[in-house]
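Structural description and commentary
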Amino acid sequence: MSEEKIIQMDMGKLDSEQHSENAILCLGIESSCDETSAAIVDSDRNVLAHIIYSQIPEHQKYGGVVPELAARAHILAIDDVVRQTLDKANKTIDDIDVVAATAGPGLIGGVLVGWMAATGIAQATGKPLVAVNHLEGHALVPRLCATLADGTNKNTAIEFPYLLMLASGGHCQILLVRGVGQYEMIGQTLDDSAGEAYDKVAKMLGLGYPGGPVVDARAKSGNPKAFDFPRPLCDKPGCDFSFSGIKTAARTFISRAEQPFSDEYINDFCASFQAAVVDCIVNRLKNALSDSRVRGHKPKTLVVAGGVAKNSAIRAAMEKLASEYNMQFAAPPMNLCTDNGAMIAWAGLENYKVGKVVKEPVAPRPRWPLTEL
Ligand code: KG4
Ligand code: ZN
């Protein structure tokens, strides 16, 4: 694989800077979608090295991820990604204490590649192996490093329990995170995920893949009141989401429009669509915060994670909501929101510390809800 395809993630200086002598080192591998990534993270919350090889350019011409192509690309990339991660950290495999990899949920061809690589390393070296649930990677990474309301990145632990808005390309859930492996589902989407809605709307507007970042950017220059998008379920109690009505409205608006779209049309469309998504998230989170299952645990922090957590408007709205409820707000730094190896290494470490290591062969799972951990 060519050098220029490898992206090194510089985490900058973290609080602890140096790791103590008895820090545990975990090598984490992620390959469940269109990023082949590895990282070495220690129990003092240092990211020693982090490599992400993004396949996005390979899938862009198809308007979305092609699972078969993704699996092949992971096979071609995985060895280099792991080797370069070790080199960058100035470590050999002997220095690693724990090996972790995503074992699901995700595109199974890709998951198999990373999982078998990790299994091979663990078997050859006798190191403990952790099967990480990809969603748990997203859910726990704010405990490795979080951007707080004042904009600073802190690698101090966000304490359990916390209320989590998990929004990615494949999932949209509100969870009460009570501990490692302890998730209570408070609400979830009945149809599309938030990321899917962004990606589909971007496709309708001809904005390419992935849609989230470009819709987010376009929305900044648009009028959020230009289009009257529905706010599905917001007049109903409960914490579930539905985005299919927003998607249908988008299709109807577009069918009435003159093409090619003007920049102003696209910006207004993106701003109005995003305003509807933000309103739904805030409405559902308000219900979650007054839900007795949540109130009983008194979470001190409102957290957003997953690829959609990169969204500026969603972050701002959740930060405001948190302050209204006298809660702390936390989100992963931008480069730890979308899929990455550091979140898998960190979730691997957290699981290792509570003794959740692989004792018998694990079959990767395309579907693996957090509530089944
Ligand atoms: O977590 P992730 O990297 O992959 C999954 O596990 O699914 O999330 C990818 C999703 C995509 O749907 C992408 O469009 C969305 O995150 N995304 C965003 C933004 N950046 C990425 N959505 C809204 N606003 C963004 N700035
Ligand atoms: Zn993800």
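For clarity, every value in this text was computed on a predicted model and none was experimentally measured.

Side note on helix 3 (residues 108-125)
Along an α-helix, residues three or four positions apart point the same way, because every turn accommodates 3.6 residues. For helix 3, spanning 18 residues, the distance from its first C-alpha to its last is 25 Å, which sits close to the expected 26 Å at 1.5 Å a residue. Looking only at helix 3, the buried set comprises Gly-110, Val-111, Val-113, Gly-114, Trp-115, Ala-118, Thr-119, Ile-121 and Ala-122. Looking at the buried positions of helix 3, the neighbouring elements they touch are strand 2 (25-30), helix 2 (67-89), strand 5 (98-104) and strand 6 (129-133). Two residues or fewer after helix 3 comes Gly-126, characterised by a positive phi angle close to 75°.

Some details on the pattern of salt bridges
One pass over the structure, following the stated rule, counts 13 salt bridges. One salt bridge in this structure joins Arg-143 and Glu-350, with 2.7 Å as the shortest N-O distance. Here Glu-350 lies in helix 11 (residues 341-353) and Arg-143 lies in the loop between helix 4 (134-140) and strand 7 (146-148), a separation of 207 residues in the sequence. Take Arg-143 and Glu-350: they sit in the same class, and that class is buried. Linking Glu-196 and Lys-200 is a salt bridge whose minimum nitrogen-to-oxygen distance equals 3.4 Å. Of this pair, Glu-196 and Lys-200 both sit in helix 5 (residues 194-204), separated by 4 residues, roughly a single helical turn.

Here we look at the site of ligand 1
Surveying the vicinity of ligand 1 reveals 19 residues, the closest of which are Gly-169, Asp-199, Gly-212, Asp-216 and Asn-311. Separating an oxygen atom of ligand 1 from a side-chain N or O atom of His-134 is a distance of 3.2 Å. In the model, an oxygen atom of ligand 1 is placed 3.0 Å from a nitrogen or oxygen of the Gly-307 main chain. Among the secondary structure elements, those contributing two or more residues to the shell around ligand 1 are helix 4, helix 5 and helix 6 (211-219). A per-element tally of the shell around ligand 1 places helix 6 first, with 4 residues. Two domains share the shell around ligand 1, each providing at least three of its residues, namely domain 1 (3-145 + 336-372) and domain 2 (148-331).

A look at the coordination of the zinc ion (ligand 2)
Reference values for angles at a metal are 109.5 degrees in the four-donor tetrahedral case and 90 or 180 degrees in the six-donor octahedral case. For the zinc ion (ligand 2), the full set of protein donor atoms is His-134 (NE2), His-138 (NE2) and Asp-339 (OD), at a range of 2.0 to 2.1 Å. You can call His-138 buried: its relative accessible area is 1%. You can call Asp-339 buried: its relative accessible area is 14%.

Considering the environment of Cys-33
Structurally, Cys-33 can be placed in the loop between strand 2 and strand 3 (35-42). Here the alpha-carbon distance between Cys-33 and Pro-105, two residues 72 residues apart in the chain, equals 9.5 Å. Every residue in contact with Cys-33, bar those within four places of it in the chain, is listed here: Gln-55, Val-65, Ala-70, His-74, Leu-107 and Asp-339.

Some thoughts on the sheet that holds strand 9 (residues 162-167)
Pairing within the open sheet is mixed, and its 7 strands lie in the order 8-7-13-12-9-10-11. The open sheet has two edge strands, strand 8 (153-154) and strand 11 (182-188), and neither has a second partner. Bridging between strand 10 (residues 172-179) and strand 11 involves 6 bridges; their strand directions are antiparallel. Paired with Leu-175 across the bridge in strand 11 is Met-185. Contacts from helix 8 (residues 263-289) reach strand 9, strand 10, strand 11 and strand 12 (301-305) within the one sheet, and its direction differs from that of strand 9 by about 150°. Most of the contacts of helix 10 (residues 312-324) go to strand 12, to which it runs at about 170°, and overall it touches strand 7, strand 9, strand 12 and strand 13 (328-331).

Focus: the pairing of strand 9
Most of strand 9 sits inside the fold, with 6 of its 6 residues counted as buried. Here strand 9 shows two buried faces, one formed by Tyr-162, Leu-164 and Leu-166 and the other by Leu-163, Met-165 and Ala-167. Of the pairings in the sheet, the one linking strand 9 to strand 10 comprises 6 bridges and is antiparallel in character. Opposite Ala-167, over in strand 10, you have Cys-172 as the bridge partner. Hairpin connection, strand 9 to strand 10: the antiparallel pair is bridged by 4 residues.

Thoughts on the side chain of Ser-43
By secondary structure assignment, the location of Ser-43 is in the loop between strand 3 and strand 4 (47-54). The buried category is assigned to Ser-43, whose relative accessible area is 17%. Among the polar contacts made by the side chain of Ser-43, one reaches the main-chain amide nitrogen of Ile-24 at a distance of 2.7 Å. For Ser-43, the residues in contact, after removing those within four places along its chain, are Ala-23, Ile-24, Leu-349 and Lys-353.

Quick look at the confidence of the model for the protein
Per-residue confidence for the protein averages 94 on the pLDDT scale, and 95% of its residues sit at or above 70. Segment residues 12-16 is flagged for pLDDT under 50; beyond a separation of four residues in sequence, or across chains, it makes 12 contacts in the model.

Side note on the nonpolar core
One recurring pattern in soluble globular proteins is that nonpolar side chains are buried together. Of all hydrophobic cores here, the largest spans 57 residues; its most connected members are Met-165, Leu-205, Phe-229 and Phe-269. Among the elements that take part in this core, helix 8 stands out by supplying 15 residues, more than any other. Apart from residues lying up to four places away in sequence, Met-165 is in contact with Cys-172, Gln-173, Ile-174, Phe-241, Ile-281, Leu-285, Val-303, Val-304, Ala-305 and Met-318. Judged by nonpolar contacts, the second largest core, of 36 residues, contains Cys-26, Val-47, Leu-140 and Leu-175.

The rules behind the values
Residues numbered from 1 in each chain as written. Chains lettered and ligands numbered in written order. Predicted model: local features only at pLDDT ≥ 70, side-chain atom pairs only at ≥ 80, totals over all residues. Heavy atoms only, no water. Helix = DSSP H or I, 4+ residues; strand = E, 2+ residues; numbered from the N terminus. Expected span 1.5 Å × (residues − 1). Buried < 20%, exposed > 50% of the residue type's maximum accessible area, 1.4 Å probe, protein only. Contact = heavy atoms within 4.5 Å. Salt bridge = Lys/Arg side-chain N within 4 Å of Asp/Glu carboxyl O. Near = heavy atom within 4 Å. Polar contact = N/O pair within 3.5 Å; in protein donor to acceptor, adjacent residues only side chain to side chain. Domains from an automatic or database assignment. Donors = N, O, S within 2.8 Å, 3.2 Å for Na, K, Ca; no water. Pairing = 2+ DSSP bridges. Axes fitted to C-alpha atoms, helices over the stretch in contact; angles between N-to-C directions. pLDDT = per-residue confidence, 0-100. Core = buried A, V, L, I, M, F, W, Y, C linked by side-chain atoms within 4.5 Å.

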